[in-house]
Amino acid sequence: MKCKRCGGKARVQLRHHNAAFCQPCFVFFFQRQVQRTIEHEHMFTLEDRILVAVSGGKDSLALWDVLATLGYQTTGLHLSLGIGDYSRDSAEKTKAFAEARGLALLTVDLEESALAIPVLARATRRPACATCGLSKRHHFDAVAAQNDFRVVATGHNLDDEAARLLGNVMRWQRGYLSKQKPVLEPNHPKFARKVRPLFRLTEYETAVYAFLRKIEYVVEECPNAEGASQLVYKDALNRIEAVMPGSKLGFVQEFLKSAQPLFEQEDLPPPETCSTCGMPSWGVTCSYCGLTARATATLSPQPTPSPDANPEGEETR
Ligand code: AMP
Ligand code: ZN
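Residues numbered from 1 in each chain as written. Chains lettered and ligands numbered in written order. Predicted model: local features only at pLDDT ≥ 70, side-chain atom pairs only at ≥ 80, totals over all residues. Heavy atoms only, no water.

Visitor: Account for the nonpolar core, with residues named and values stated.
Guide: Looking at soluble globular proteins, one finds that nonpolar side chains tend to be buried together. Counting residues in each nonpolar core, the largest one holds 52 residues, and the members touching the most others are F21, F26, F30, V34, F44, W64 and L67. When residues of this core are assigned to their parent elements, the largest contribution, seven residues, is made by helix α1 (residues 23-40). Ignoring sequence-local partners within four residues, the contact set of W64 consists of V52, V54, T74, T75, G76, F97, A98, L103, A104 and L105. If you look at the next biggest cluster of nonpolar residues, it comprises 19 residues, including L79, L81, I117 and A144. (Core = buried A, V, L, I, M, F, W, Y, C linked by side-chain atoms within 4.5 Å. Buried < 20%, exposed > 50% of the residue type's maximum accessible area, 1.4 Å probe, protein only. Helix = DSSP H or I, 4+ residues; strand = E, 2+ residues; numbered from the N terminus. Contact = heavy atoms within 4.5 Å.)

Given below as structure tokens:
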């Protein structure tokens, strides 16, 4: 098979585009796809400062690599989630990537502030993945606001978007469908625009790109993801894609074009301000501060009776 761009021997076959590329041309193709998505969706320009959320996995590191190569002004943000060796490895890989390329990286260590995901999840009896999602969203917004970033980019790829869409459609989650877009405009001055420049590129394509660019990333999945419904949806979509290449891309693109606008919610009340952290909130405190307050209350030691207290509880004179 021949490379679609240069006519040389093709090494990467993309059935969903009915195309194949040699290695250098695939790298060019991948970077150009990201550039086109950024421009087509009006995500940001060369003048904007972008906060790139980097987990240490292939997608977010590939995204950071592309954005830096294309000349965008980027700063990485890594959250150490406190999930044992997985988090230690993720932080190391992210720091090594930034150092090797001379890129600026901000880090937030949740374990240091006693807000590690497993601790929060146990204390509040919420599923780890839900706790993790809430923590990430809060810290992305808070760090962007503190450092005056107007754009936050994440490495969600086509497989992530298609699986999320399938999950939202299975339960007809109107609220979530209204927010399923590659560009989410802020509804409060303290929020940044959220963008997903890899949403048209598959997990396979980002894996190949990371490999060809010699990016060292964390290979293992988060231990909490085992059994997560996202993986079931991804598996189902992969089976469909194997028989009908292009299904995932069509599913997401057609949704965005034809169905997503029908779910747009209008006249939502503007958010208030969280009395604890000062970020936008739909109650007196934001969901994250509510969660951490519940966890702290559960974890703080119960007061023990002092030695001279009356053990019988009788009235003393
Ligand atoms: P996930 O929610 O794990 O599927 O990750 C989706 C995207 O969120 C990644 O591509 C990253 O951009 C971002 N992300 C996930 N985990 C972290 C983390 N620990 N620190 C910073 N960004 C993250
Ligand atoms: Zn708050």
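Visitor: Please give an account of the coordination of the zinc ion (ligand 2) that cites residues and values.
Guide: Taken together, C274 (SG), C277 (SG), C286 (SG) and C289 (SG) make up the protein donors of the zinc ion (ligand 2), found 2.2 to 2.4 Å from the metal. Every donor counted, the four donor atoms about the zinc ion (ligand 2) form angles of 103 to 117 degrees at the centre, which fits tetrahedral coordination. Along the chain, the residues donating to the zinc ion (ligand 2) fall in the pattern C-x2-C-x8-C-x2-C. Taken together, the residues span a long stretch of sequence, with C274 in the loop between β9 (272-273) and β10 (280-281) and C289 in helix α11 (residues 287-299) at a distance of 15 residues. (Donors = N, O, S within 2.8 Å, 3.2 Å for Na, K, Ca; no water. Tetrahedral: all angles 85-135°; square planar, octahedral: opposite > 155°, others 65-115°.)

Visitor: Describe the site of ligand 1, listing the residues and the values that go with them.
Guide: Around ligand 1, the structure places 13 residues, and the nearest of them are A53, V54, L79, K136 and G155. Residue K136 places a side-chain N or O atom 3.1 Å away from an oxygen atom belonging to ligand 1. Protein chains bury 77% of the 480 Å² of accessible surface belonging to ligand 1 in isolation. Secondary structure elements with two or more residues in the shell around ligand 1: β4 (73-80) and α5 (128-146). Element by element, the count of residues in the shell around ligand 1 is highest for β4, at three residues. A per-class count over the shell around ligand 1 returns six nonpolar, six polar and one charged. (Near = heavy atom within 4 Å. Polar contact = N/O pair within 3.5 Å; in protein donor to acceptor, adjacent residues only side chain to side chain. Areas by Shrake-Rupley, 256 points an atom, 1.4 Å probe, with all protein chains shown as cover. Nonpolar A, V, L, I, M, F, W, Y, C, P; charged D, E, K, R; others polar.)

Visitor: Explain a nonpolar patch on the surface residue by residue, including any values.
Guide: Taken together, the side chains of I240, V243 and M244 make up a nonpolar region of the molecular surface, amounting to roughly 300 Å² of accessible area. Relative to the helices and strands, I240 resides in helix α9 (residues 229-243). (Patch = residues over 30% accessible without salt bridge, like charges linked within 9 Å, V, L, I, M, F, W, Y side chains within 5 Å. Salt bridge = Lys/Arg side-chain N within 4 Å of Asp/Glu carboxyl O.)

Visitor: Lay out α11 with the relevant residues and their values.
Guide: Over its 13 residues, α11 runs 18 Å from end to end, which matches the ideal 18 Å to within 8%, given 1.5 Å per residue. Within α11, the full set of buried residues consists of Y288, C289, G290, L291, T292 and A295. The secondary structure elements touched by the buried residues of α11 are α4 (117-124) and α5. (Expected span 1.5 Å × (residues − 1).)

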